[in-house]
Amino acid sequence: MRLKYLVLYVLIFFSNKINAQENVFQSVLLDSELKKGANAIVRQNDVEITIDAYNKMKVKKYRVFTVLNKHGDKYLNAYVSYDKTISIKKLEAKIYNKLGKEIEKYRKTDFTDVSAVSSFSLYEDDRIKYLDYTPKQYPYTVEFTTELDYSTTAFVPMWYPIESFYVSTQNSSLTIINNSNIKLFEKTSKTENFNIEKTGEYKYVAKNIKALKKERLGPSAKNYLPNVKVALSEFDMKGVKGTNTSWKDFGKWMNDKLLQGNQELPQETKTEIELLTSKVDTPLEKAKIVYNYVQNKTRYISVQVGIGGWKPMEASDVDRLGYGDCKGLTNYTYALLKHIGVESFYTVIYGGEEIENIDKDFSSTQGNHVILCIPNKEKYVWLECTSQTNPFGYTANFTDDRDALVIKPEGGEIIHTNVYSTSNNLLSTKANITLDEQGNAIGKLKITSQGALYDKRERINYKDLKEKKLHYKNQWSYINNLKINNLELFNNKKTIEFTENLNFEIVKYASKSGNLVLLTPNFFNRLNFSTKKYKNRKQPLTINRGFTHKDEYTVSFPDNLVVEALQDEVNINNKFGEYSIVVKPIDNNKISVNRTFVLHKGNYKSEDYQAYRNFLALVKKHDKSKIALKFKS
């Protein structure tokens with residue numbers, strides 16, 4: 001009997017032990033607060049970075065990640081990037097079901113290995129090993145373990161305790177061990193806003209952080225979520241030793257080690273560019289000719305080779321091949337300008353519609369794009385060298401209004417790129433419209449766009465005629481029975497102005513009600529969307545770019561119609577912008593409509609969002625207001 005009970009006890013002991021181990025990975029009993037609003041949960045993410053020398057670094061990661069639904073799959077991040085300078089010492093993964101039972105196991109050789117070549121790249125040195133797993137059910141949990149040895153230290157991994165919106169964090173930690181005599185710089189951003197604690201000289205811990213929802217017009221994840229950046233005062237970038245104690249030092253290193261010696265051009269090209277610019281005197285006019293030359297001769301294609309994609313192709317190779325990435329094309333333009341005596345500077349920047357700054361207070365390998373900077377008296381002209389269509393000096397919606405690292409011979413300097421102001425971002429709409437007794441409308445419309453709005457409208461030019469007409473029907477989807485009879489588009493790159501001329505007709509635009517004809521006088525520029533309502537808004541309100549809309553319509557109608565009622569004049573002015581609409585008679589059978597809508601750029605508190613929403617609701621309401629015409633008795 002004793003032996004029977006002993007065997008039973010041993011079985012229960014080991015069964016409980018197995019269940020306890022499995023429960024570490026189970027996902028059915030997770031904290032409900034961590035699951036709320038989350039598509040995935042970081043159960044454990046421990047990152048250990050060991051610096052042994054300026055050119056020797058180890059990175060160990062242990063990650064347990066639970067995916068709650070199909071929307072959480074994209075946050076899995078079960079991959080490693082590697083090249084000749086990164087050696088994979090350990091790579092494995094285990095998959096657990098919702099009860100914590102292991103259902104799949106992957107070793108290093110089981111991971112899918114591919115070239116890290118994007119669809120627009122020519123060739124790259126980088127490769128990726130990633131977990132190719134198709135879930136059969138949700139939730140599931142992945143245990144992911146990696147150990148990498150680096151012979152380059154220019155890119156010390158950043159730590160994001162909150163990895164994205166809709167992802168909660170149960171446990172995450174960063175530990176840095178500096179065994180070298182090299183000075184280590186670190187900077188924390190926004191950690192004070194969350195449950196993140198510094199527990200050692202280079203150790204951080206985050207616990208039980210609920211998932212954050214992405215809120216409309218909130219800041220981007222990179223500008224809002226906490227992070228820790230680390231950089232060395234001496235580092236290695238793929239075999240090239242670098243010095244970094246300030247942006248000046250870092251820029252000096254880039255200029256001397258990465259850029260110099262890459263500007264040789266064939267004699268034939270030198271002669272050609274000399275002839276093209278021989279009849280103009282000012283540096284800016286010469287630069288315009290060179291920019292046009294580069295746009296006509298080259299095309300953009302990503303080329304990620306050399307030292308981590310930081311060293312540009314030889315200018316002579318770009319000249320010969322007729323293509324290059326942002327670095328190669330910028331360096332090529334720089335070389336052409338240098339040959340004819342025009343000063344310019346290679347510039348590192350974060351490119352993207354959302355505004356992201358180079359951190360001016362923390363020198364390190366930052367940025368994802370390169371442009372060219374030309375000094376022009378007390379200002380600078382910025383050139384996007386990858387575009388074959390941009391007007392000279394036009395950078396709106398991609399590299400505008402942000403801090404960039406300008407590489408000068410004496411060193412790096414942080415300079416803010418040009419800002420497209422609210423008044424310069426102008427959309428002007430003018431129309432002459434004739435209304436008949438049946439409520440049908442015909443007319444001519446002219447739309448002119450400038451500033452950041454030029455880029456938005458100019459894209460229409462690259463559509464075929466059918467697509468163009470469909471574009472306008474979609475834009476004015478609130479107008480039934482709209483027909484575009486004639487369409488002419490003009491793109492003036494010198495003035496950076498895009499003009500759209502349209503002849504149109506609308507069947508039964510106005511409605512008849514007894515002896516009245518009712519119509520909305522704001523034909524073509526109504527605010528036609530609703531702003532999302534938040535019961536408890538958490539994030540700041542961010543308006544990256546302001547704009548100005550000015551609309552002028554003249555509406556004529558038959559002599560047997562008279563004005564019965566016009567909408568009252570409206571004038572609204574607040575910190576978010578301005579709105580006005582004035583409808584008044586010109587003579588017995590004609591009215592004028594003048595509308596102005598201004599939205600200011602700005603960063604506002606979360607509690608301002610409702611007032612902003614109310615402002616737009618008023619604009620939307622008045623944009624839809626009707627007037628009444630009456631048949632003469």
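Residues numbered from 1 in each chain as written. Predicted model: local features only at pLDDT ≥ 70, side-chain atom pairs only at ≥ 80, totals over all residues. Heavy atoms only, no water.

1. Here's the deal with the overall build of the protein
Going by this rule: Numbered from the N terminus, helices here are DSSP runs of H or I no shorter than four residues, and strands are runs of E no shorter than two. Think of it in three bands: residues with accessible area under 20% of the maximum for their type are buried, residues over 50% are exposed, and the middle band is partly exposed, with areas taken using a 1.4 Å probe on protein chains only. Every residue pair with non-hydrogen atoms within 4.5 Å of one another is taken to be in contact. Note that accessible areas follow from Shrake-Rupley with a 1.4 Å probe, and for residues the cover is restricted to the protein chains shown. Just so you know, the count uses Lys and Arg for positive and Asp and Glu for negative, and it drops His and the chain ends. In plain terms, the charge of a residue is placed at NZ if it is Lys, CZ if Arg, CG if Asp and CD if Glu.
When helices and strands are counted, the protein shows eleven helices and 38 strands. Projecting the C-alpha coordinates of the protein onto the three principal axes gives extents of approximately 110 × 80 × 40 Å. Counting across all 633 residues of the protein, residues that qualify as buried make up 51%. Taking the contacts inside the protein whose residues are at least 6 apart along the sequence as the reference set, 71% of them involve residues at least 24 apart. Within the structure as shown, the protein displays about 31,100 Å² of accessible surface, and the carbon and sulfur contribution to it stands at 48%. In the protein, the 94 positive side-chain charges and the 74 negative ones have mean positions that sit 6 Å from each other.

2. A short note on the packing of helix α5 (residues 267–276) against helix α6 (residues 283–297)
Rules: Angular values range over 0 to 180 degrees, each being the angle between N-to-C directions of two axes fitted as lines to C-alpha atoms, with helices fitted over their stretch in contact. Angle categories are assigned with fixed cut-offs, so that under 35 degrees is roughly parallel, over 145 is roughly antiparallel, 65 to 115 is roughly perpendicular, and the rest are oblique. For a crossing to be left-handed, the near helix must be turned anticlockwise from the far one by less than a right angle; the clockwise case is right-handed. When residue character is reported, Ala, Val, Leu, Ile, Met, Phe, Trp, Tyr, Cys and Pro are called nonpolar, Asp, Glu, Lys and Arg charged, and the others, Gly included, polar.
Running from N to C, α5 and α6 point in directions that differ by 130°, and their axes come no closer than 10 Å. By the criterion of interaxial angle, the relationship of α5 to α6 is oblique. Crossing hand, α5 versus α6: right-handed. Mapping the contact onto sequence places Thr269, Glu272, Ile273 and Leu276 in α5 and Ile289, Val290, Tyr293 and Lys297 in α6. Here the contact of α5 with α6 is composed, by residue class, of five nonpolar, one polar and two charged.

3. Describing α6
Under the convention used in this document: Given the number of residues in a helix, its expected span is that number minus one, multiplied by 1.5 Å.
Helix length check: α6 (15 residues) gives 21 Å between terminal C-alpha atoms against 21 Å at 1.5 Å per residue, within 8%. Along α6, the residues that are buried comprise Lys286, Ala287, Val290, Tyr291, Tyr293, Val294 and Gln295. Looking at the buried residues of α6, the elements they touch are α5, α7 (315–321), α8 (326–339), β21 (369–376) and β22 (379–383).

4. Structural notes on the side chain of Gln567
Considering the arrangement of structural elements, one finds Gln567 in the loop between β33 (561–565) and β34 (570–574). Residue Gln567 is classed as buried on the basis of its relative accessible area of 11%.

5. Some points on the sheet that holds β34
Keep this limit in mind: Paired strands, in this sense, are two strands between which DSSP finds at least two bridges.
Strand order in the open sheet formed by eight strands is β27-β28-β26-β25-β32-β36-β35-β34, and the pairing between neighbours is mixed. One side of each edge strand has no neighbouring strand; the edge strands of this open sheet are β27 (482–492) and β34. Direction aside, the axes of adjacent strands within the sheet are offset by 10° on average. The pairing of strand β35 (residues 577–587) with strand β36 (residues 590–599) spans ten bridges and is classified as antiparallel. Bridged to Val583 within β36 is Val593. Where helix α10 (residues 465–475) meets the sheet, its contacts fall on β27 and β28 (497–506), and the angle it forms with β27 comes to roughly 110°. On top of the sheet, helix α11 (residues 609–623) reaches β34, β35 and β36; it is set at about 165° to β36, its chief contact.

6. Re the confidence of the model for the protein
The cut-off we apply is this: On a range of 0 to 100, pLDDT expresses the predictor's confidence in each residue.
Confidence along the protein averages 92 in pLDDT terms, with 94% of residues attaining 70 or more. Under a pLDDT of 50 for its full length, residues 3–22 has, in the predicted model, three contacts with residues more than four places off or in other chains. Overall, residues 119–123 carries pLDDT values under 50, and its contacts beyond four positions in sequence, including any with other chains, amount to 13 contacts.

7. Quick look at the packing of α5 against α8
Between α5 and α8, the shortest axis-to-axis distance is 10 Å and the interhelical angle comes to 65°. Relative to α8, the element α5 is oriented roughly perpendicular. Seen along the crossing, α5 lies across α8 with a hand that is right-handed. Contacts between α5 and α8 involve Thr269, Lys270, Ile273 and Glu274 from the first element and Tyr332, Leu336 and His339 from the second.

8. Describing the sheet that holds strand β10 (residues 167–178)
Think of a sheet as strands paired side by side through backbone hydrogen bonds, with each pair either parallel or antiparallel. On the basis of which strands lie adjacent, the open sheet formed by eight strands has the order β5-β4-β9-β2-β1-β10-β13-β12 and mixed pairing. What marks the edges here is a single partner per strand, and that holds for β5 (102–106) and β12 (196–200). Neighbour to neighbour, the strand axes of the sheet diverge by 10° on average, direction disregarded. The sheet contact formed by β12 and strand β13 (residues 203–209) spans four bridges and is antiparallel. Residue pairing in the sheet places Gly200 in a bridge with Lys203 of β13.

9. Here's the deal with unusual backbone geometry
Omega for the peptide link from Tyr138 to Pro139 comes to -5°, which places this bond in the cis form. Its place among the elements puts Pro139 in the loop between β8 (127–130) and β9 (140–150). For Asn208, which is not glycine, the phi torsion reads 50° and is therefore positive. Position of Asn208 among the secondary structure elements: in strand β13. With phi around 60°, Asn481 is a residue other than glycine that occupies positive phi space. Along the chain, the position of Asn481 falls in the loop between α10 and β27.

10. Some points on the packing of aromatic side chains
Test applied: Ring pairs shown here join Phe, Tyr and Trp side chains whose ring centres sit within 6.5 Å, with only the six-membered ring taken for Trp; geometry is labelled stacked below 30 degrees between planes, edge-to-face above 60, and tilted in between. Only when the NZ atom of a Lys or the CZ atom of an Arg is both within 6 Å of the ring centre and within 35 degrees of the ring normal do we say a charge sits over the ring.
Throughout the structure, instances matching the rule amount to 32 aromatic pairs. Between Trp476 and Phe524 the ring centres are 4.8 Å apart and the planes differ by 65°, which places this aromatic pair in the edge-to-face class. In this pair, Trp476 is assigned in the loop between α10 and β27 and Phe524 in the loop between β30 (516–519) and β31 (541–543), connecting sequence segments 48 residues apart. The exposure classification of Trp476 matches that of Phe524, with both residues buried. Between Tyr579 and Phe597, the ring centres sit 6.3 Å apart and the planes meet at 70°, which makes this aromatic pair edge-to-face. Of this pair, Tyr579 sits in strand β35 while Phe597 sits in strand β36, placing them 18 residues apart in sequence. Both residues of the pair, Tyr579 and Phe597, belong to the buried class. An aromatic cluster of three or more residues is present, and its members are Tyr472, Trp476, Phe504, Tyr509, Phe523, Phe524 and Tyr553. Taking the ring centre of Tyr54 as reference, the NZ or CZ of Lys241 above it sits at 4.5 Å. Stacked on the ring of Tyr534, the Lys or Arg Arg537 has its end atom at 5.2 Å from the ring centre.

11. Observations concerning the state of the cysteines
For clarity, the threshold we go by: Count a disulfide wherever a pair of cysteine sulfur atoms falls within 2.5 Å.
Tallied over the entire structure, the rule returns zero disulfides. Free of any disulfide, Cys385 has its nearest cysteine sulfur in Cys326, 9.5 Å distant.

12. Quick notes on a nonpolar patch on the surface
Our working rule: Surface patches are drawn from residues lacking salt bridges whose relative accessible area is over 30%; two like charges belong together within 9 Å, two nonpolar side chains (Val, Leu, Ile, Met, Phe, Trp, Tyr) within 5 Å. Salt bridge, as used here: a side-chain nitrogen of Lys or Arg that lies within 4 Å of a carboxyl oxygen of Asp or Glu.
Together, Val28, Leu29 and Leu99 make up an exposed nonpolar region whose accessible area comes to about 310 Å². Residue classification places Leu29 among the exposed residues on the basis of a relative accessible area of 68%.

13. Topic: the pattern of salt bridges
Counted under the stated rule, the structure contains 30 salt bridges. A salt bridge links Asp319 to Lys297; the shortest N-O distance between them is 2.9 Å. Linking Asp319 in helix α7 with Lys297 in helix α6, this pair joins segments that are 22 residues apart in sequence. Looking at Lys297, the relative accessible area reads 29%, which means it is partly exposed. Here Asp325 makes a salt bridge to Lys327, at a shortest N to O gap of 2.4 Å. On the basis of relative accessible area, Lys327 is assigned to the buried category, the value being 4%. Overlapping salt bridges, with partners in common, bring together Glu33, Lys36 and Lys210 in one network.

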